[in-house]
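Here's the letter readout for the chains.
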Amino acid sequence: MKFIVTGGAGFIGSAMIRFLIDETDHSVLNVDKLTYAGNLQSLTSISENPRYQFVNADICDADKMTEIVADFQPDKIMHLAAESHVDRSVDAPGEFIQTNIIGTFNVLNAARSYFESTSNKNFMFHHVSTDEVFGSLGDDGFFTEETSYDPRSPYSASKASSDHLVRAWGATYGLPVVITNCSNNYGHYQFPEKLIPLIIMNAFNEKPLPVYGDGSNIRDWLHVDDHARALYRVATEGKPGETYNIGGKNEKTNLEVVATICDLLEGVKPRASHSRYKDLITHVQDRPGHDFRYAIDTSKIERELGWKPQETFETGMARTVQWYLGNQTWCDAVSDGYSQTRLGLKSVN
Ligand code: NAD
Ligand code: DAU
């Protein structure tokens, strides 16, 4: 089959494309604007494969999207392109509205005109979304596919909005659509503005390890390769019109995550000063509107599509720390010119 992956030079998109090229026989067109978060070096292992192509394009360019989809004639569109960082959305929400809402509208329209002109029975528009659309949990409970939407950040509100557009294109125009809402991903090739790579890289560089507030906020962590395997199941076997939640059943406080990284680093690269990595932990001002807890009930995708994560948090984190240790070139390349100034506080300072 032929897959369009939007946002394929990003963290999850690149894992998706490596999976499609390495583990299947499908062809892939990567549609990416290469923002600060997109890097083709994440795809060097597959970039010479004849089943892979790249086009540098902005999903906010409606005509270009229509042309790309009409020319490539995909069986599946996996839509991942987005502005993805919550702190960044607090400082500058405009780009999130453009890319996540208007961009999704353009890709949907392109998919609709292509779908209406073809007899392709395999066609599916797969919208890759987030558990953050459901808001914030207290100490108990899980997000299910029936949980009401309650987004609380500009990022999650823009993703919620795009989810609604996708459902509307399914119900109104008969476009075969499917949505996934996933919890926090971690793993190789993640841009170092997100918690786990930021902490690993700061620790390497003997910099403070910033923990927002008291560090008790909880996220449900999933290795990115497990997410890619789940996305493939949904794109190829999911029922049109359905939503599937994806998560790792790995609820950790942020302090637990940071402590895990410190402990792993003690084992593989003890500090020259003989002091402990944990001594670098620094509690900093909290994120405005910081969601307290995310946790996913994954029973639907397990029951209906037979997906389960393969990686435990312990094995996945050990692999991830080792990967960043061995891939300083990638880290330096993506961080080049990237200011490590704390994001997300412009509205409160
Ligand atoms: P990322 O920021 O690492 O990558 C986003 C990619 O989209 C980049 O390659 C970027 O260049 C591209 N892009 C941005 N704006 C574009 C535009 N206007 N036109 C074309 N390309 C553009 O993001 P990620 O973490 O890989 O997330 C991918 C998707 O998965 C997003 O839709 C995000 O909401 C969703 N998601 C992420 C997580 C997570 O933990 N990272 C969890 C659940 C869902
Ligand atoms: O839940 C899925 C979402 O997970 C995705 O939709 C988003 O694209 C992705 O960025 C992620 O959002 P989070 O806001 O949860 O991820 P982030 O890595 O920014 O933060 C994780 C937690 O760590 C959060 O509680 C804030 C905290 N944090 C973050 C940073 C960057 C810190 O304590 N210190 C930090 O320096």
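Above this note sits the structure.
Anyway, here's the lowdown on the structure attached to this text. Throughout, residues of each chain are indexed from 1 in the direction in which the sequence is written. Labels follow written order: the first chain is A, the first ligand is 1, and so on. Side-chain atom pairs in this predicted model are given and counted only at pLDDT of 80 or more, local residue features only at pLDDT of at least 70, and totals for whole chains, interfaces and linings cover all residues. Side-chain measures were taken over the full set of non-hydrogen atoms in the model, leaving aside hydrogen atoms and water.

### Remarks on the packing of aromatic side chains
Right, on to step 1. Classification of ring pairs uses Phe, Tyr and Trp, with its six-membered ring standing for Trp, and accepts pairs whose centres are within 6.5 Å; under 30 degrees between planes counts as stacked, over 60 as edge-to-face, and the remaining range as tilted. Using the criterion set out here, one finds 18 aromatic pairs in the structure.
Right, on to step 2. Centre to centre, the rings of Phe134 and Phe143 are 5.2 Å apart; their planes meet at 40°, and the pair counts as tilted.
Right, on to step 3. A simple rule labels every residue: compare its accessible area, found with a 1.4 Å probe on the protein chains alone, to the largest value its type can have, and call it buried under 20%, exposed over 50%, or partly exposed in between. Residue class for Phe134 comes out buried when judged on its relative accessible area of 4%.
Right, on to step 4. Among the residues examined, Phe143 registers a relative accessible area of 1% and is labelled buried.
Right, on to step 5. With centroids separated by 6.4 Å and ring planes inclined at 75°, the aromatic side chains of Tyr186 and Trp221 adopt a geometry described as edge-to-face. Placement of Tyr186 in strand E7 (residues 185-186) and of Trp221 in the loop between strand E9 (218-220) and strand E10 (222-223) is noted, with a sequence separation of 35 residues between them.
Right, on to step 6. A residue is classified by how much of its surface remains accessible, and Tyr186, at 1% relative accessible area, is buried.
Right, on to step 7. In textbook terms, an aromatic cluster arises when at least three aromatic residues are bridged by ring pairs, as seen for Phe134, Phe143, Tyr149 and Tyr294.
Right, on to step 8. Only when the NZ of Lys or the CZ of Arg is both within 6 Å of the ring centre and within 35 degrees of the ring normal is a charge said to sit over the ring. A cation sits over an aromatic face here: Arg293 above Phe142, 5.9 Å from the ring centre.
Right, on to step 9. Across the ring face of Tyr212, the terminal group of Arg342 is positioned such that the distance to the ring centre comes to 3.8 Å. Note on conventions: DSSP H or I runs of at least 4 residues are helices, E runs of at least 2 residues are strands, and numbering of each starts at the N terminus.

### Considering the side chain of His188
Right, on to step 1. Its place among the elements puts His188 in the loop between E7 and helix H6 (195-204).
Right, on to step 2. According to the relative accessible area criterion, His188 is buried, its value standing at 13%.
Right, on to step 3. Those residues in contact with His188 that sit more than four places away from it in its chain are Phe11, Arg18, His223, Val224, Asp225, Arg319, Trp323 and Tyr324. Note on contacts: a residue pair is in contact if any heavy atoms of the two residues lie within 4.5 Å.

### A word on the side chain of Thr253
Right, on to step 1. Position of Thr253 among the secondary structure elements: in strand E12 (residues 251-253).
Right, on to step 2. According to the relative accessible area criterion, Thr253 is buried, its value standing at 19%.

### Let's talk about the sheet that holds strand E1 (residues 2-6)
Right, on to step 1. Read across the open sheet, the seven strands follow the order E3-E2-E1-E4-E5-E6-E11; overall the sheet is parallel. In this open sheet, the two strands that pair with only one neighbour each are strand E3 (52-56) and strand E11 (243-246). Pairs of neighbouring strands in the sheet enclose a mean axial angle of 20°, with direction left out of account.
Right, on to step 2. A fitted line through C-alpha atoms serves as each axis, taken over the contacting stretch for helices, and the angle formed by two N-to-C directions is quoted from 0 to 180°. Set on the sheet, helix H2 (residues 62-72) makes contact with E1, strand E2 (27-32), E3 and strand E4 (76-79); between it and E2 the angle comes to about 175°. Think of it this way: DSSP has to see at least two bridges between two strands before they count as a pair.

### A closer look at the site of ligand 1
Right, on to step 1. Around ligand 1, the surrounding shell holds 28 residues, and the nearest of these are Ile12, Asp32, Ser84, Tyr155 and Lys159.
Right, on to step 2. A 3.5 Å cut-off defines polar contacts: any pair of N or O atoms within that distance qualifies, except that in protein one atom must be a possible hydrogen donor and the other a possible acceptor, and neighbouring residues in sequence count only when both atoms are side-chain atoms. Here an oxygen atom of ligand 1 and a backbone polar atom of Ile12 are 2.8 Å apart.
Right, on to step 3. In this structure, an oxygen atom belonging to ligand 1 sits 2.9 Å away from a main-chain N or O atom of Asn185.
Right, on to step 4. In isolation ligand 1 exposes 840 Å². Once the protein is present, 97% of that is buried.
Right, on to step 5. Secondary structure elements with two or more residues in the shell around ligand 1: helix H1 (11-23), strand E5 (124-130) and helix H5 (154-173).
Right, on to step 6. Looking at which element gives the most residues to the shell around ligand 1, the answer is E5, with three residues. Here a residue counts as near a molecule or strand whenever at least one of its heavy atoms sits within 4 Å of it. Calculation of accessible area relied on Shrake-Rupley with a 1.4 Å probe; when residues are assessed, cover is drawn exclusively from the protein chains displayed.

### Some words on helix H7 (residues 224-237)
Right, on to step 1. Here a helix's expected span is defined as the number of its residues, less one, multiplied by 1.5 Å. Across its 14 residues, H7 extends 20 Å between first and last C-alpha, which sits within 8% of the 20 Å expected from 1.5 Å per residue.
Right, on to step 2. Most of H7 is tucked away, with ten of its 14 residues classed as buried.
Right, on to step 3. Among all positions of H7, only Val224, Asp225, Asp226, His227, Ala228, Ala230, Leu231, Tyr232, Val234 and Ala235 are buried.

### Things to note about the pattern of salt bridges
Right, on to step 1. The salt bridge criterion pairs a side-chain nitrogen of Lys or Arg with a carboxyl oxygen of Asp or Glu, the two atoms within 4 Å. One pass over the full model with this rule turns up 19 salt bridges.
Right, on to step 2. The partner of Lys300 in a salt bridge is Glu242, and the shortest N-O contact between them spans 2.5 Å. Of the two residues, Lys300 is situated in helix H9 (residues 299-305) and Glu242 in the loop between H7 and E11; the sequence distance between them amounts to 58 residues.
Right, on to step 3. Lys300 gets classed as buried once you look at its relative accessible area, which sits at 11%.
Right, on to step 4. The class for Glu242 is partly exposed, based on a relative accessible area of 25%.
Right, on to step 5. A network of salt bridges, in which partner residues are shared, links Lys33, Asp58 and Glu95.

### Re the site of ligand 2
Right, on to step 1. Near ligand 2 there are 23 residues, and of these Thr130, Asp131, Tyr155, Arg287 and His290 occur at the shortest range.
Right, on to step 2. Between ligand 2 and Asn184 there is a distance of 2.8 Å, counted from an oxygen atom to a side-chain nitrogen or oxygen.
Right, on to step 3. For ligand 2, an oxygen atom lies 2.6 Å from a polar atom in the side chain of Arg287.
Right, on to step 4. Protein burial of ligand 2: of its 690 Å² of free accessible surface, 94% is covered by the chains.
Right, on to step 5. If you list the elements that add at least two residues to the shell around ligand 2, you get H6 and strand E8 (209-212).

### Re the pairing of E1
Look at any regular strand and the pattern is simple: side chains alternate between the two faces of the sheet.
Right, on to step 1. Of all five residues in E1, four are buried, a share of seventy percent or more.
Right, on to step 2. The pairing of E1 with E2 spans five bridges and is classified as parallel. What sits directly across from Phe3, in E2, is Val28.
Right, on to step 3. Viewed with both strands pointing away, a crossover whose connecting path from the first strand over the helix to the second turns clockwise is right-handed. For the crossover that starts at E1, traverses H1 and ends in the parallel E2, the hand is right-handed.

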